[in-house]
Each structure stands twice: as structure tokens, then as C-alpha cells.
Amino acid sequence: MCLTIIGAATTKTSNSEKANASEYWKPVEKAMGEKGKVSPDGAIKFTIPMTLNVTLDGIKLNQASERSHDFDFMRAGDQAMMVGEIGVTEEEVKNVSDMVLQSGLQVTAIHNHLLRTSPHIMWIHIYGNGDPVDMAKKIRNITDYVNGGSSASDSKKFQSKEINTTELDRIIGDKGSAEGGDYNYDIPRTDKVQMNGYVLSPIMDISTMINFQPLGKGSAAVIGEFVLEENEVEPVVRTLAANGIEVTALHSHMITEQPRLFYVHCWATGDATELAGIMREALNETNSKTGSESS
């Protein structure tokens, strides 16, 4: 069942409402200079690839492997709410943070997601509430500066390199998507997360993301971002660490969400199906629901 989020209430989403949502976001897409991805509940996600080449342990990261800026919008009454993350080099942190603040948007976190990236990438998380077109113009001005100018969205073709995506789906218990060069999972929490009086759409940076970047002969680099409540943090970290997954960051992304959420980032390379099994084991420690569990 598809849901649309209006304030703190949820209702069924009709086809006409979905069409209305797509129409509503068109001026925002124009201001962003990007085509967004509208979710079933009417929110929209923008993914803007970095122009930087980023490597980790000798692996050139794909767009979906922490090499893009993301901005998520949902309607909030007669305005919109936005959460976003901007990937910057260390040298850009101050200037970009200043640009965000001077634009009237909020900085809600500054930190790394991964370790040993070259160049070293830091992430500036931002929040805004207001006219969505105005916020989109401010964001585009910032991303046009970051990394010497961010590129328009690309669509790198996914090459499995002997990864059995059907088997990954079976292990994770969900249907992945091939975007940005990776095979990706976006797994929502089952609880309702609220912020500033509104129930957040799952795309508003509150779903666990697991991305597999194929490396050849069935191996992959896996990048995980687990979205957790307080009591889930230790079990997930212990599960990952006990199975050889490197936990690279633990922190918050937002400030006023309820319940309070924590983000565990991780990285590993190896056989894709074995890595999927570990990710599934960690997911079992969370209040999340995959597609197979919903059916």
C-alpha cells in the first residue's frame, strides 16, 4: 500500500495524487537543473554526482558509492521540508558551510562517512523549511561551487561483473535497484519518525542504504549506512565488527527528529553474497522491514 504524508497523518495515495506530486515538483526540478525521483508518497529525491574522482583502497568509487550529493524534499503544509548532504573536500568545508548558513539554510552535521578516501571527503548535512523553489535555487548555487562545479545527473550503466543480483535480493529480502553503477537497497524503518510536527517520508534520510559496487568475479565493495535508534546501535556495530566489516563512522545527521536517530557507516570488500549475508544479519538487529517481510 502506498502512502502519502500530510502533516502527521497518512492516507492512501491515488494515481491522481501521484501525478499532482510530480507536477508540484516540476518548478523545483527546473530550479535544481536536475530531474528528481518522486517516491510513492509524493516526496522527491535529487542526486547530483560529484565531478571528483574519489578512490578508497585503490578502488575508484561509483556515483552511488558515496560520490554524489543528495537532497530530499517533502511537502510540509503549504511549504516544503528539505534535508540534504553535500560531499566536500577538507579545504571546502569552511566555505561551503558559510554558503549554507548565509543562504538561510541550516548546517546540522559535519563529518566523514568513510575512511581513507582520496581526496578525503567530508559531508555537510543541511536542513531547510520554506518555499521549495527558493531552497532549490540556493542548493544549486552551492553545488555549482562544490568540487569546482557538480555535474548534471548521469546514468552509468550497471555491470554485474558476475554478481548474482537475484541471490543478493534473496539474502537481503528485498528488491534492489541498479543505479549509479551500483546495486542498491533502500530499506525503510517500520516506526514513524517525526520532525518539526511532520511524519517524515522514508526518503528523507531515514532509510538504511546498502550499496554493492561490483569489482569482478563475483566480488564487490559494500557500503552500508544503517539508520538506528539508540538501542540498536551496539548490536549492529558488534555484528558488523564481528564479521570483518569496517565501521567507519557513527554519528547523527539531523537535530530535531524524534525518535533520535544514529547513523552507522561501514565498508568492506569481498564475495558479494557473503557480504550480503552479513548485512542481512545486521538488519535483523534493526526495526526495519524489507519487501519480503511486507508480503
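So, here's what we can say about the structure. (Residues numbered from 1 in each chain as written. Predicted model: local features only at pLDDT ≥ 70, side-chain atom pairs only at ≥ 80, totals over all residues. Heavy atoms only, no water.)

**Quick look at the overall build of the protein chain**
Then, in step 1: Regarding its fold elements, the protein chain presents seven helices and 20 strands.
Then, in step 2: Computed over the C-alpha atoms, the radius of gyration of the protein chain is 18 Å, within 12% of the 19 Å expected from 2.2 N^0.38 for a compact globule of 295 residues.
Then, in step 3: On the principal axes, the C-alpha backbone points of the protein chain span a range of 50 × 45 × 35 Å.
Then, in step 4: In the protein chain, which comprises 295 residues, the share counted as buried stands at 55%.
Then, in step 5: Partitioning the intrachain contacts of the protein chain with sequence separation of at least 6 by distance along the chain shows that 66% fall at a separation of at least 24.
Then, in step 6: Taken as a whole, the protein chain presents about 12,800 Å² of accessible surface, with 49% of it coming from carbon and sulfur.
Then, in step 7: In the protein chain, 27 side chains carry a positive charge and 40 a negative one; their mean positions are 5 Å apart. (Helix = DSSP H or I, 4+ residues; strand = E, 2+ residues; numbered from the N terminus. Rg over C-alpha atoms; globule rule 2.2 N^0.38 Å. Buried < 20%, exposed > 50% of the residue type's maximum accessible area, 1.4 Å probe, protein only. Contact = heavy atoms within 4.5 Å. Areas by Shrake-Rupley, 256 points an atom, 1.4 Å probe, with all protein chains shown as cover. Lys, Arg positive; Asp, Glu negative; His and termini not counted. Charge placed at Lys NZ, Arg CZ, Asp CG, Glu CD.)

**Focus: the pattern of salt bridges**
Two side chains that carry opposite charge are able to pair once their charged atoms sit near each other.
Then, in step 1: As enumerated under the stated definition, the model contains 17 salt bridges in all.
Then, in step 2: With its nearest N and O atoms 2.8 Å apart, the salt bridge here joins R140 to E34. Taken together, the residues R140 in helix α3 (residues 132-143) and E34 in the loop between α1 (15-32) and β3 (37-38) connect sequence positions 106 residues apart. As far as the burial class goes, R140 and E34 line up, both buried.
Then, in step 3: A salt bridge links E179 to K37; its shortest N-O distance comes to 3.2 Å. Taken together, the residues E179 in strand β12 (residues 177-179) and K37 in strand β3 connect sequence positions 142 residues apart.
Then, in step 4: According to the relative accessible area criterion, E179 is partly exposed, its value standing at 37%.
Then, in step 5: Each of R189, D191, E229 and E232 takes part in one network of salt bridges that share partners. (Salt bridge = Lys/Arg side-chain N within 4 Å of Asp/Glu carboxyl O.)

**A look at empty space enclosed by the protein**
Then, in step 1: Taken as a whole and assessed by the stated rule, the structure comprises two cavities of 30 Å³ or more.
Then, in step 2: Empty space within the largest cavity amounts to approximately 150 Å³.
Then, in step 3: Together, 17 residues line the largest cavity, and K45, D72, E85, I203 and D205 are the ones closest to its centre.
Then, in step 4: Those elements that place two or more of their residues in the lining of the largest cavity are β7 (68-76), β8 (79-89), β11 (121-130) and β16 (207-216).
Then, in step 5: No other element matches the three residues that β8 contributes to the lining of the largest cavity.
Then, in step 6: Its residues placed into classes, the lining of the largest cavity shows seven nonpolar, four polar and six charged.
Then, in step 7: Approximately 50 Å³ is the volume found for the second largest cavity.
Then, in step 8: As for the second largest cavity, its lining consists of V54, L61, E66, H113, L114, T117, I121 and W123. (1 Å grid on protein atoms, 1.4 Å probe; cavity = no way out; pocket = protein on both sides within 12 Å on 5 of 7 lines; lining within 4 Å. Points joined across faces, edges and corners; volume = space filled by probe spheres on them. Nonpolar A, V, L, I, M, F, W, Y, C, P; charged D, E, K, R; others polar.)

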